[in-house]
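Reading the structure
Now for the letters of each chain:
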Amino acid sequence: TNSQKRNLKSFQRSLTMASPSSILTCPRLSSFSSTPSMYSVCFGPGKICGRKLYGRIHLETKKNRSRYHVSVMNVATEINSIEQAKKIDSKESARPVYPFAAIVGQDEMKLCLLLNVIDPKIGGVMIMGDRGTGKSTTVRSLVDLLPEITVVAGDPYNSDPRDPEFMGKEVREKVQKGEELTVVETKINMVDLPLGATEDRVCGTIDIEKALTEGVKAFEPGLLAKANRGILYVDEVNLLDDHLVDVLLDSAASGWNTVEREGISISHPARFILIGSGNPEEGELRPQLLDRFGMHAQVGTVRDAELRVKIVEERARFDSDPKEFRESYLAEQMKLQEQITSARSNLSEVQIDQDLRVKISRVCAELDVDGLRGDIVTNRAARALAALKGRDQVTAEDVGIVIPNCLRHRLRKDPLESMDSGILVTEKFYEVFS
């Protein structure tokens, strides 16, 4: 009848304008009284379902039914799946990294980074300096030089199959049961911690999907789990929210991350090299977090005109053809990578005399450095520098190179003191080591 046709057209318009979620919850229609039949609605890309076509709705009539029922059989959407995105070659999609060997100047910052890669127990490095001095570029260029480590295959925490301190709970249980672990060689991770990250993304959270579908309270690891046995880089660390600073302080102090969520408690290893960079003009860093950094590098703007021109030219070359530029520094990169790998393997053989240990502690005591972290870090950094130079014995020169970076940020602030704290450390070093 005409009334029935009008109702069908109105029903067609409402479906074509509705969202897929509202279509799925469309109730049973009973307003179409008249001849008993059943209508089945099918949305198909270019397919005809049923015997009668009204616009984009295909209707199929069946007899001996008392009312009309609407059931959605298929909703066609044009969405690129995640699996298709993963098929893209990673080398083509990855951003080209500026070579570490191509960075001109900033020797102090580069040395601090290399020493932390050689000995992660130094405790990281804080890089403070003017804007536009290549802090982030230098840190990210370290990725190509990172050596390989042995990890348990499929473990989200990069567990060390030989060291219980770097093992997750599941791996430790397998070791205690005597099960054989499958291990693989992989590069050290470098994880970027964005300023806008949430606490759940950093620490980890419960997998809600698995909790709803399987009824299991599964833990989904965060950035701290990914950074275990790797590097955690925080750009503009002095602008980081206080609650994230507290999380980093707790993990850096204990080497473990503990998550309390929904009535369960989960702990996993979180030992990483903490690298931060920032501009002191944008704000000071909390003293508690500053003390957690093993070394402190002060970066300044290059003043030499010829050196500035060289930096600009090198950057222009990289921007015009990154692949060719990286290939031109490939030999130097490989040589530096081999040097780092050799230094890591020979680090345990490097010795430091008792006389040098005593003098290091004298410098720390006379500078009124709080705690013993300054003594420990200076000893470790001096040994790493000797290993980098291919020696098995630490000299006073090694100590003199690293001690300003190890103690500069641990001195008590004097508002009336205009001299750089690094110069104070150097002066005291020459006084004690004379």
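Every chain is numbered independently, its residues counted from 1 as its sequence is written. Local features in this predicted model are restricted to residues of pLDDT 70 or higher, and side-chain atom pairs are both shown and tallied only at a pLDDT of 80 or more, whereas totals for entire chains, interfaces and linings draw on every residue. Here the side-chain values reflect all heavy atoms present in the structure, with hydrogen atoms and water set aside.

1. Here's the deal with the pairing of strand β11 (residues 231–235)
The line we're drawing: Remark: exposure states derive from per-residue accessible area (1.4 Å probe, protein chains only) relative to the maximum for the residue type, with buried under 20%, exposed over 50%, and partly exposed in between. Put simply, DSSP marks the helices as runs of H or I at least four residues long and the strands as runs of E at least two long, and each gets a number from the N terminus on. Note on pairing: two strands pair once DSSP finds at least 2 bridges between them.
For β11, the buried fraction is high: four of the five residues fall into the buried class. Sheet topology places strand β8 (residues 190–192) next to β11; three bridges connect them, and they run parallel. When the sheet's bridge partners are listed, V191 is paired in β11 with L232. Inspection of the sheet shows β11 paired to strand β14 (residues 273–278) by five bridges, in the parallel sense. Residue pairing in the sheet places Y233 in a bridge with I275 of β14.

2. Some words on the side chain of S277
Our working definition: Residues count as neighbours in contact if any of their non-hydrogen atoms are within 4.5 Å of one another.
As for its position among the elements, S277 is in strand β14. Filtering out sequence-adjacent residues up to four positions away, S277 remains in contact with M126, I127, K135, S136, Y233, V234, D235, E236 and V237.

3. Some thoughts on the sheet that holds β14
So the rule is basically this: Note on definitions: angles span 0 to 180 degrees between N-to-C directions of axes, and those axes are lines fitted to C-alpha atoms, for helices only across the stretch in contact.
Reading across the sheet, the five strands line up as β8-β11-β14-β5-β15 and stay open at both edges, with parallel pairing between neighbours. Edge strands, defined here as strands with exactly one partner in the open sheet, are β8 and β15 (295–299). The sheet shows a mean angle of 20° between the axes of neighbouring strands, direction not considered. Of the strand pairs in this sheet, strand β5 (residues 125–129) and β14 are connected by four bridges, and their pairing is parallel. Note on β14: the bridge partner recorded for M126 is G276. Against the sheet, helix α5 (residues 107–118) makes contact with β5, β14 and β15, and its axis sits at roughly 155° relative to β15, the strand it touches most.

4. Overview of the packing of helix α16 (residues 354–366) against helix α18 (residues 396–407)
What counts is decided by this rule: For classification purposes, an angle smaller than 35 degrees is called roughly parallel, one larger than 145 roughly antiparallel, one from 65 to 115 roughly perpendicular, and anything else oblique. The handedness criterion is simple: a crossing whose near helix is rotated anticlockwise from the far helix by less than a right angle is left-handed, and one whose near helix is rotated clockwise is right-handed.
Their axes nearest at 12 Å, the elements α16 and α18 cross at an angle of 30°. Here α16 is positioned roughly parallel relative to α18, judged by the angle of their axes. Handedness of the crossing formed by α16 with α18: right-handed. Counted together, L356, I360, V363 and C364 of α16 and A396, V399, I403 and L407 of α18 form the full contact between these two elements.

This is a description of form; function is not addressed.
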